[in-house]
Amino acid sequence: MSQVLFLSDPSQADVRPILGMANELITRGEKVTFFSSDEFKAPIEQIGADFKAYTQELNIFQGKNVMNEEPKSGLISALLEPMKFIDDILVQIRGLKFDYAVFSPSYPYANIITQLLGIPKKEQTVYN
């Protein structure tokens with residue numbers, strides 16, 4: 001049984017395809033830890049994956065603030081200080097060992113995270 005880290009941009013376009021892949025891997029006996037935003041917690045847990053949420057203040061995938069239409073601080077912080085975002089993920093998975101990571105092509109910092117963990121990466125390309 002492999003331990004697999006899934007890194008997802010929390011959008012339907014990114015989560016849905018790799019959620020299907022995670023489900024198939026779980027069916028085959030793999031253990032999956034899946035990073036996304038809180039809005040995808042239920043479907044991720046329903047397939048039997050361990051859900052991990054991006055810390056709110058570092059969630060670079062947050063939309064715009066409806067009140068003033070400015071990007072929320074998570075995006076700005078992650079772009080200016082990417083190690084805060086990466087460190088948050090590494091802290092949340094401390095003590096876990098992964099055999100490989102799966103992520104969409106648009107996922108930022110996947111190369112850095114997989115290098116720091118010393119694991120292979122499998123970029124999931126989805127064609128619509």
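For every chain, the first residue of its written sequence is number 1, and the numbers climb from 1 along that sequence. Given that this is a predicted model, residues contribute local features only at a pLDDT of at least 70 and side-chain atom pairs are listed and counted only at 80 or more, while totals for whole chains, interfaces and linings are drawn from all residues. As a rule here, side-chain values come from all non-hydrogen atoms in the structure, and water together with hydrogens is ignored.

### Side note on the pattern of salt bridges
- In what follows, salt bridge is the name for a side-chain nitrogen of Lys or Arg lying within 4 Å of a carboxyl oxygen of Asp or Glu. Taken as a whole and judged by the stated rule, the model has two salt bridges.
- The salt bridge partner of E24 is R28, with a shortest N-O separation of 2.8 Å.

### Observations regarding the packing of helix α4 (residues 82-92) against helix α5 (residues 110-117)
- A fitted line through C-alpha atoms represents every axis, and for helices the fit uses only the stretch in contact; the resulting angles, taken between N-to-C directions, go from 0 to 180 degrees. Counting from the N terminus, the helices are the DSSP runs of H or I reaching at least four residues and the strands are the DSSP runs of E reaching at least two. Look at α4 against α5: their axes get within 11 Å of each other, and the N-to-C directions meet at 45 degrees. When the axes of α4 and α5 are compared, the pair comes out oblique. The crossing of α4 and α5 is right-handed. Across the interface between the two elements, M83, I86, I89 and L90 of α4 pack against I112, I113, L116 and L117 of α5.
- In the scheme used here, Gly and all other residues not listed as nonpolar or charged are polar, with Ala, Val, Leu, Ile, Met, Phe, Trp, Tyr, Cys and Pro taken as nonpolar and Asp, Glu, Lys and Arg as charged. Residues belonging to the contact of α4 with α5 are distributed by class as follows: eight nonpolar, no polar and no charged. These descriptions rest on fixed angle ranges, namely under 35 degrees for roughly parallel, over 145 for roughly antiparallel, 65 to 115 for roughly perpendicular, and the rest for oblique. The hand of a helix crossing depends on one turn: near helix anticlockwise from the far one by less than a right angle means left-handed, and clockwise means right-handed. Contacts are assigned to residue pairs with any non-hydrogen atoms lying within 4.5 Å of each other.

### Quick word on the confidence of the model for the protein chain
- The predictor rates its confidence in each residue with pLDDT, a number between 0 and 100. Looking at the protein chain as a whole, its pLDDT mean stands at 82, while 76% of the residues score no less than 70.
- Counting interchain partners and residues more than four positions distant, the pLDDT-below-50 stretch residues 64-69 has five contacts.

### Details of the environment of P105
- Within the secondary structure, P105 is located in the loop between β4 (100-103) and α5.
- Judged by its relative accessible area of 46%, P105 falls in the partly exposed class.
- Considered as a pair, P105 and K122 are 17 residues apart in the sequence and their alpha carbons are 9.6 Å apart. The rule is simple: take the accessible area with a 1.4 Å probe, protein chains only, and divide by the maximum for that residue type; under 20% is buried, over 50% is exposed, in between is partly exposed.

### A closer look at the nonpolar core
- Grouped together as the largest cluster of nonpolar side chains are 17 residues, with contacts concentrated most on V4, F6, V32, F34 and I44.
- For this core, the elements supplying multiple residues, two or more each, are β1 (3-7), α1 (12-27), β2 (31-36), β3 (50-53) and β4.
- Of all the elements, α1 adds the most residues to this core, at five residues.
- Residue contacts for I44: discarding those within four places in its chain leaves L19, F34, S36, A49 and F51.
- In this structure, L7, F85, I86 and A101 belong to the second largest nonpolar core, which totals 16 residues. Residues belong to a common nonpolar core when they are buried Ala, Val, Leu, Ile, Met, Phe, Trp, Tyr or Cys residues joined through side-chain atoms within 4.5 Å.

### Considerations on the side chain of T114
- For T114, the location among the structural elements is in helix α5.
- Look at T114 and you get buried, because its relative accessible area is 2%.
- As used in this structure description, the phrase polar contact means that two N or O atoms lie within 3.5 Å; if the pair is within protein, one of them must be able to donate a hydrogen and the other to accept it, and residues adjacent in sequence are counted only when both atoms belong to side chains. Within polar-contact distance, the side chain of T114 engages the backbone oxygen of N111 at 3.1 Å.

### Focus on the packing of aromatic side chains
- For Phe, Tyr and Trp, where Trp contributes only its six-membered ring, two rings pair if their centres lie within 6.5 Å, and the inter-plane angle classes them as stacked under 30 degrees, edge-to-face over 60, or tilted in between. Tallied over the full model, the rule gives four aromatic pairs.
- Through a chain of ring-to-ring contacts, the aromatic side chains of F35, Y54, F85 and Y109 assemble into a single cluster.

### Some thoughts on the side chain of T33
- On the secondary structure map, T33 appears in strand β2.
- Under the relative-accessibility criterion, T33 is labelled buried at 2%.

### Digging into α4
- Of all the residues in α4, the buried ones are F85, I86, D88 and I89. All buried residues of α4 lie within an arc of 155 degrees about the axis, which places them on one face of the element. In this description, the arc belongs to the directions extending from the helix axis to the C-beta atoms.

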